[in-house]
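A look at the structure
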Amino acid sequence: QKIECTMTPKRKEKFDYEFGGPVGALATMVFLPIVTLLLTYWASVGRVDFEQILPDDASITCTSDGRSVSILSKFISSDPPSCSTNVGSVSILRKLINSDVLCPSCTDYPMLYTCATVILLWFLFQVILERILPCALVQGAPLPDGSGKRLSYRINGHLIFWVTLLLVDVAWPQWIDIQTGNDVKSVLVFGRAPMTWLYDHYSTLAFATIIWTIVLSTYLYIKSFGKGLLLAVGGNSGNPFYDYFLGRELNPRWGSFDWKEFCELRPGLIGWMLLNLAMMSKQYERLGYVTGSMILINIFQGLYVWDALYQERAILTTMDITTDGFGFMLVFGDLAWVPFTYSLQARYLVDHDPMLQWSSLAAIMGVNMIGYSIFRGANGQKDAFRRDPNDTSVSHLTFLQTKRGTKLLTSGWWGMARKINYTGDWVMGLSWCMLCGFESIVPYYYSIYFAILLVHRSIRDDHMCQEKYGDDWDKYKSIVPYRFIPGII
């Protein structure tokens with residue numbers, strides 16, 4: 001819901017790499033899955049813990065005193081000893097596979113298979129709902145090939161959101177045995193889904209989802225070499241690692257089914273909310289009650305997910321849809337990173353709830369309301385102006401008329417800062433972290449990561465808008481000089 005600028009799809013003589021180029025893209029693809037699995041583990045233990053990544057017998061022996069220490073201690077200690085490993089690289093790899101942190105259930109094939117099946121069925125379930133439920137057919141932004149063509153999108157994410165919650169709450173199928181006289185009959189009944197199962201197999205589900213994102217990314221990369229496809233500028237460098245990461249094809253489709261628009265909101269966002277509900281169910285199962293922090297994290301993040309799906313058509317003009325290809329970056333982010341790292345606070349609260357007082361909860365509610373007001377107010381104002389600049393709600397706003405014919409708002413929310421919506425988004429995220437107290441940095445990963453992400457996105461925005469608007473963009477920046485916070489930055 002964030003970025004507005006597009007680029008003309010033509011190759012440049014010198015390619016402008018992002019994300020550190022091919023090396024950075026490859027490193028990101030290696031480390032993001034590892035970070036995801038580490039975060040799911042750290043949320044369960046409530047702290048940053050590297051010692052359990054490898055089994056206890058994966059050690060090194062120090063030549064000076066003969067003592068044995070963890071392999072990781074050699075790398076993370078400020079004064080690492082001079083040591084030699086008692087295991088070779090092949091043995092270390094084998095031990096990593098046996099690790100429940102980086103390869104959960106890899107030695108329990110039936111459970112790994114079950115979780116992989118659940119993830120695939122969840123994806124297919126969302127596809128079916130997208131295909132059969134009523135929708136609004138909405139035209140997207142003009143394609144950046146200069147043809148003026150617009151793609152049509154099925155907008156029904158908001159309906160899918162409520163249908164999914166309804167089915168999970170009252171329509172989960174199960175067979176039960178009923179005694180009728182001397183006979184026992186198996187009867188199909190419907191009720192609430194066993195949500196705590198998602199908590200019990202959280203890490204394995206994350207691992208299975210990561211595998212699915214690799215499979216899907218590989219298919220999309222191969223598919224992008226078909227004839228007559230519109231390629232994304234950013235993912236058409238000629239370097240396979242970089243293009244695999246960014247995505248070569250701009251709008252991969254099967255008929256009217258748009259892979260990118262579908263994955264942007266449906267499986268990951270709704271899956272995130274279901275994981276939160278699973279954590280709340282588990283806390284109730286353990287404690288017999290649900291804490292204020294757990295209730296509020298479900299409300300805050302549930303509102304965030306609902307808002308995104310209610311405003312689904314707004315994503316059609318974002319950078320993800322109009323500019324970026326659909327490669328590993330978006331596939332992994334949409335399907336694995338969002339549901340399994342954004343649900344981190346709820347997972348943490350199951351076992352490490354700080355039991356905040358009502359006054360603290362009220363203050364955090366205030367922080368969230370401020371963030372949501374900025375986020376929704378700014379985005380709503382922008383969308384209303386795009387639809388009809390003469391509407392009474394936005395007709396009073398001033399703007400800069402560009403040579404391209406478009407208008408850049410210079411008053412209202414957008415006169416305060418060029419990325420004021422990012423500021424509101426980050427403040428909301430900070431309130432989620434605050435619900436976990438201050439005893440561990442683990443729940444605060446989100447506010448740290450999101451700050452870095454939004455700064456990087458704003459830099460990409462600025463670069464692309466500079467190319468799009470030229471001197472008009474310089475003039476706009478002189479009128480609205482601040483990026484995030486009026487008068488500060």
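Keep in mind it's a predicted model, so treat the numbers as computed, not measured.

Quick word on the packing of helix 4 (residues 109–132) against helix 9 (residues 259–287)
- Their axes nearest at 10 Å, the elements helix 4 and helix 9 cross at an angle of 120°. As the angle between them shows, helix 4 and helix 9 are arranged oblique. Helix 9 is crossed by helix 4, and the crossing has right-handed handedness. Touching W122, F123, Q126, V127 and E130 of helix 4 are W259, F262, C263, R266, P267, I270, G271 and L274, all from helix 9.
- By residue class, the composition of the contact of helix 4 with helix 9 is nine nonpolar, two polar and two charged.

What about the side chain of N368?
- In this structure, N368 sits in helix 14 (residues 358–387).
- For N368, the side chain forms a polar contact with the side chain of S431, separated by 2.9 Å.
- In this structure N368 touches F300, M428, S431 and W432, once residues within four positions along its chain are discounted.

Thoughts on a nonpolar patch on the surface
- A grouping of L26, V30, F31, I34, V35 and F241 is seen on the molecular surface, where their side chains present a nonpolar patch of about 490 Å² in accessible area.
- In terms of residue count, the dominant contributor to the nonpolar patch is helix 1 (residues 21–45) (five residues).
- Of note, F241 is situated in helix 8 (residues 240–246).

Things to note about the environment of L400
- Within the element layout of this structure, L400 appears in strand 10 (residues 399–401).
- The class of L400 is buried, set by a relative accessible area of 8%.
- Each C-alpha atom of the pair L400 and I479 lies 9.1 Å from the other, and the pair is 79 residues apart in sequence.
- Not counting residues within four places of it along the chain, the set of residues in contact with L400 comprises T406, K407, L408, T410, D472, K475 and Y476.

Here we look at unusual backbone geometry
- Of note in this structure, F19 is not a glycine but carries a positive phi near 55°.
- When you line up the elements, F19 lands in the segment before helix 1.
- When its relative accessible area of 25% is taken as the criterion, F19 is described as partly exposed.
- The phi dihedral of M355 falls on the positive side, at around 55°, and the residue is not glycine.
- On the secondary structure map, M355 appears in the loop between helix 13 (344–352) and helix 14.

Rules used throughout
- Residues numbered from 1 in each chain as written.
- Predicted model: local features only at pLDDT ≥ 70, side-chain atom pairs only at ≥ 80, totals over all residues.
- Heavy atoms only, no water.
- Axes fitted to C-alpha atoms, helices over the stretch in contact; angles between N-to-C directions.
- Helix = DSSP H or I, 4+ residues; strand = E, 2+ residues; numbered from the N terminus.
- Parallel < 35°, antiparallel > 145°, perpendicular 65-115°, else oblique.
- Left-handed = near helix turned anticlockwise from the far one by under 90°.
- Contact = heavy atoms within 4.5 Å.
- Nonpolar A, V, L, I, M, F, W, Y, C, P; charged D, E, K, R; others polar.
- Polar contact = N/O pair within 3.5 Å; in protein donor to acceptor, adjacent residues only side chain to side chain.
- Patch = residues over 30% accessible without salt bridge, like charges linked within 9 Å, V, L, I, M, F, W, Y side chains within 5 Å.
- Areas by Shrake-Rupley, 256 points an atom, 1.4 Å probe, with all protein chains shown as cover.
- Salt bridge = Lys/Arg side-chain N within 4 Å of Asp/Glu carboxyl O.
- Buried < 20%, exposed > 50% of the residue type's maximum accessible area, 1.4 Å probe, protein only.

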